Amino acid sequence: MAATGKGGGTTGPDLAAMLAGDAGTGDFGSLDHRFIRREFHAAGSTIVREGETGHCAYVIESGRVLVHSDARSIATLASGDIFGEMALIDAFPRSASVTSIEDCWLIAFERRYLDRAFRDAHSALPFLLRTLVTRLRGPDAPGGDPMPPGQDGFVRDLQRGQWFEEVMEEGRVLNFYQPILGASTEQVIGHEALLRWRDEKGQIRPPAELVAAAQHFGRAHLMMQHVLVAACRDLLAHDPAGDSFIAVNIEAEQLGDDAFVGEVAQVLKETGMNPRRLELEITEYAFVRDFTGAADRLQRLADLGVGITLDDFGTGYASMQALISLPFSKVKIDRSFVDSYPSDRRSGAIVDSVVALARRLGMKVTAEGVETPAQAQALALAGVDQLQGYLFARPGPAGERLGMHSARR
Ligand code: C2E
Ligand code: CA
Ligand code: CA
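Everything numeric in this text was worked out from a predicted model, so none of it was measured.

About the thresholds
- Residues numbered from 1 in each chain as written.
- Chains lettered and ligands numbered in written order.
- Predicted model: local features only at pLDDT ≥ 70, side-chain atom pairs only at ≥ 80, totals over all residues.
- Heavy atoms only, no water.
- Donors = N, O, S within 2.8 Å, 3.2 Å for Na, K, Ca; no water.
- Helix = DSSP H or I, 4+ residues; strand = E, 2+ residues; numbered from the N terminus.
- Buried < 20%, exposed > 50% of the residue type's maximum accessible area, 1.4 Å probe, protein only.
- Salt bridge = Lys/Arg side-chain N within 4 Å of Asp/Glu carboxyl O.
- 1 Å grid on protein atoms, 1.4 Å probe; cavity = no way out; pocket = protein on both sides within 12 Å on 5 of 7 lines; lining within 4 Å.
- Points joined across faces, edges and corners; volume = space filled by probe spheres on them.
- Nonpolar A, V, L, I, M, F, W, Y, C, P; charged D, E, K, R; others polar.
- Near = heavy atom within 4 Å.
- Areas by Shrake-Rupley, 256 points an atom, 1.4 Å probe, with all protein chains shown as cover.
- Sits in = over half its atoms within 2 Å of the grid points.
- Pairing = 2+ DSSP bridges.
- Axes fitted to C-alpha atoms, helices over the stretch in contact; angles between N-to-C directions.
- Contact = heavy atoms within 4.5 Å.
- Parallel < 35°, antiparallel > 145°, perpendicular 65-115°, else oblique.
- Left-handed = near helix turned anticlockwise from the far one by under 90°.
- Arc of directions from axis to C-beta.
- Core = buried A, V, L, I, M, F, W, Y, C linked by side-chain atoms within 4.5 Å.

**Focus: the coordination of the calcium ion (ligand 3)**
Distances from the calcium ion (ligand 3) to its protein donors, D311 (OD), D312 (OD), E368 (OE) and E368 (OE), fall within 2.1 to 2.9 Å. All donors of the calcium ion (ligand 3) belong to a single chain; written as a sequence motif, their spacing is D-D-x55-E. Between the calcium ion (ligand 3) and the calcium ion (ligand 2) the interatomic distance amounts to 3.8 Å, and D311 serves as a bridging ligand to the pair. Taken together, the residues span a long stretch of sequence, with D311 in strand 14 (residues 307-313) and E368 in strand 16 (residues 364-368) at a distance of 57 residues. E368 matches D311 in its accessibility class, with the two residues each being buried.

This is the structure we're talking about:
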């Protein structure tokens, strides 16, 4: 961001002063160093002068001020009101003067106070503010020092949002399925639904980009409904009478939504799917924000007969607490531990302790990311119940994977 006048917009001068041993309390009280300060203005004093370049805005703590242009009064402002705010956006010459009517205490703050907020904000906000202020000032306003508009970021964000909506609306999302096998029998017992989308050329693409966009635009819900409905329909189309299950990944934020349980129940009812054939895979991040609410919803899902799996076990910090106190029927050991299994001692310790704990708690254990026969053998020997990974099959379309399963039965 460009310099904002007296103190400069960078930390350079501050650091220079400190290095010169010049940053004592006296100096820190000056406008040069502070982003925010309290000011007293006796009745009748001019606080802001029309035509001067603005560097800060003011909030009135106590007292009243008059905003005026020459002799024309524009507004009377009191405690809690803000003035000079346009300086935070564009640092143009002030368009009006402000005089205290009574003794006033004000808090003055510079644009730098907001730098961080604007940097972290949605890219639309700086863009919208800058546009509003520029239009308000009109085409003849003299030049100033406008804040960066953030326009590029905003336009890119809009284009990404439009891309997401288009992919969803045009039905370019589909489920792939990866088989899950019984560790001792090596028979397919179920599948995990994994989201895929078709790009403009019809190529099938991995889920990360779409999942991230759904989260960013508050559309995770729409995506989840889509995956869930497709998973139930696909299973019933390819294996209507069997007892294999389908596992669907649920975004953490879905569990924060009170309508979620009812929606799952509705999908089960409308598709005619047996709840016992559905598993929901949830990572522990779902329990970080509202543990009690999430726990309650999980229990209601479990009461419906739906299986609940703790996914990516071992990758977060709340694993143990979540595992012990929530109604999980299964725990999935993350691929990162399976990768180095059985050679790495620490992975071995994780696998052994998860198996022991799950036994005690009456849960099944799945290992995902199994790529070699040695891993499969060792995991089965360690007591893992189910295996999933490229060793057996990569995720594939419903017709190939779910069909393959029916043919095997
Ligand atoms: P995840 O739930 O941990 O899914 C397993 C991922 O590991 C899948 O990647 C799968 O293709 C991959 N995988 C399976 N076996 C192996 C293996 O042997 N080796 C290796 N290297 N990888 C293996 P995918 O399909 O790219 O999905 C990535 C992640 O995207 C998923 O991780 C899940 O977190 C998310 N995701 C996928 N579908 C959905 C969905 O419908 N909804 C939500 N919310 N997230 C989804
Ligand atoms: Ca999963
Ligand atoms: Ca996983």
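So much for the structure itself; the text now carries on.
**With respect to the pattern of salt bridges**
Under the counting rule described, the total for this entry stands at 20 salt bridges. When the shortest N-O distance is used, the salt bridge between R172 and E170 registers 3.0 Å. Taking the shortest distance from any N to any O, the salt bridge between E281 and K332 comes out at 2.7 Å. Of this pair, E281 sits in strand 13 (residues 278-283) while K332 sits in strand 15 (residues 330-333), and the two are 51 residues apart along the sequence. The class for K332 is buried, based on a relative accessible area of 1%. Via salt bridges that share partners, E192, E281, K332 and E368 belong to a single interconnected network.

**Thoughts on the layout of surface pockets**
In this model, the largest pocket occupies a volume close to 830 Å³. What lines the largest pocket is a set of 30 residues, among which E192, L194, P207, N249 and D311 lie closest to the centre. Among the secondary structure elements, those contributing two or more residues to the lining of the largest pocket are strand 10 (188-198), helix 6 (208-216), helix 7 (220-238), strand 12 (245-250), strand 13 and strand 14. No other element matches strand 10, which puts five residues into the lining of the largest pocket. Of the residues assigned to the lining of the largest pocket, the class counts are 14 nonpolar, six polar and ten charged. Reported here for the second largest pocket is a volume of approximately 260 Å³. Top element by residues in the lining of the second largest pocket is strand 5 (residues 72-77). It accounts for three residues.

**Regarding the site of ligand 1**
What surrounds ligand 1 is a group of 21 residues, the closest being Q178, R196, E251, E371 and Y390. Relative to its free-state accessible area of 790 Å², ligand 1 is covered by the protein chains to the extent of 82%. A majority-of-atoms criterion places ligand 1 in the largest pocket. Going through the elements one at a time, strand 10, helix 7 and strand 14 are the ones with two or more residues in the shell around ligand 1.

**Comments concerning the sheet that holds strand 5**
Read from one edge of the open sheet, four strands run 2-7-4-5, paired in antiparallel fashion. What marks the edges here is a single partner per strand, and that holds for strand 2 (46-48) and strand 5. Averaged over all adjacent pairs, the angle separating strand axes in this sheet is 30°, with direction ignored. Bridge count for strand 2 against strand 7 (residues 97-100) is two bridges, and the pairing is antiparallel. The residue of strand 7 that forms the bridge with V48 is V98.

**Remarks on the coordination of the calcium ion (ligand 2)**
Protein ligation of the calcium ion (ligand 2) involves E192 (OE), N249 (OD1), E281 (OE) and D311 (OD), the donor distances falling in the range 2.1 to 2.3 Å. In the primary structure, the donors to the calcium ion (ligand 2) are separated according to the pattern E-x56-N-x31-E-x29-D. The class of E281 is buried, set by a relative accessible area of 2%.

**Quick look at the environment of V227**
Mapped onto the fold, V227 is located in helix 7. Taking C-alpha positions, V227 is 7.0 Å from L195, a pair spaced 32 residues apart along the chain. Not counting residues within four places of it along the chain, the set of residues in contact with V227 comprises N175, L195 and V248.

**Here's the deal with the sheet that holds strand 6 (residues 82-83)**
Strand order in the open sheet formed by four strands is 1-8-3-6, and the pairing between neighbours is antiparallel. Because the sheet does not close on itself, it has two edges, and the strands there are strand 1 (36-41) and strand 6. Bridge count for strand 3 (residues 56-62) against strand 6 is two bridges, and the pairing is antiparallel. Bridging from a neighbouring strand, Y58 pairs with F83 of strand 6.

**Overview of the packing of helix 8 (residues 260-271) against helix 9 (residues 291-304)**
At a minimum axis separation of 9 Å, helix 8 and helix 9 run at an interaxial angle of 20°. The orientation of helix 8 with respect to helix 9, classified from their angle, is roughly parallel. Both helix 8 and helix 9 take part in a crossing whose hand is right-handed. Here F260, V261, V264 and A265 of helix 8 come into contact with helix 9, specifically with R297, R300, L301 and L304.

**Here we look at helix 3 (residues 112-120)**
For helix 3, the complete set of buried residues consists of R112, L114 and F118. Relative to the axis of helix 3, the buried residues are bounded by an arc of 130° and lie together on one face. Exposed residues on helix 3 whose side chains face more than 90 degrees from its buried face are R116 and D120. Elements in contact with the buried residues of helix 3: strand 8 (104-110) and helix 4 (124-137).

**A word on the nonpolar core**
Counting 66 residues, the largest nonpolar core has L210, L228, V248, L278, L280, L379 and V384 as the members making the most contacts within it. With seven residues, the top contributor of residues to this core is helix 7. Look past the residues within four positions of L280 in its chain and what remains in contact with it is L228, V248, I250, F260, L301, V306, G307, I308 and T309. Among the nonpolar cores identified, the runner-up in size contains 14 residues, and I47, V67, A96 and C104 belong to it.

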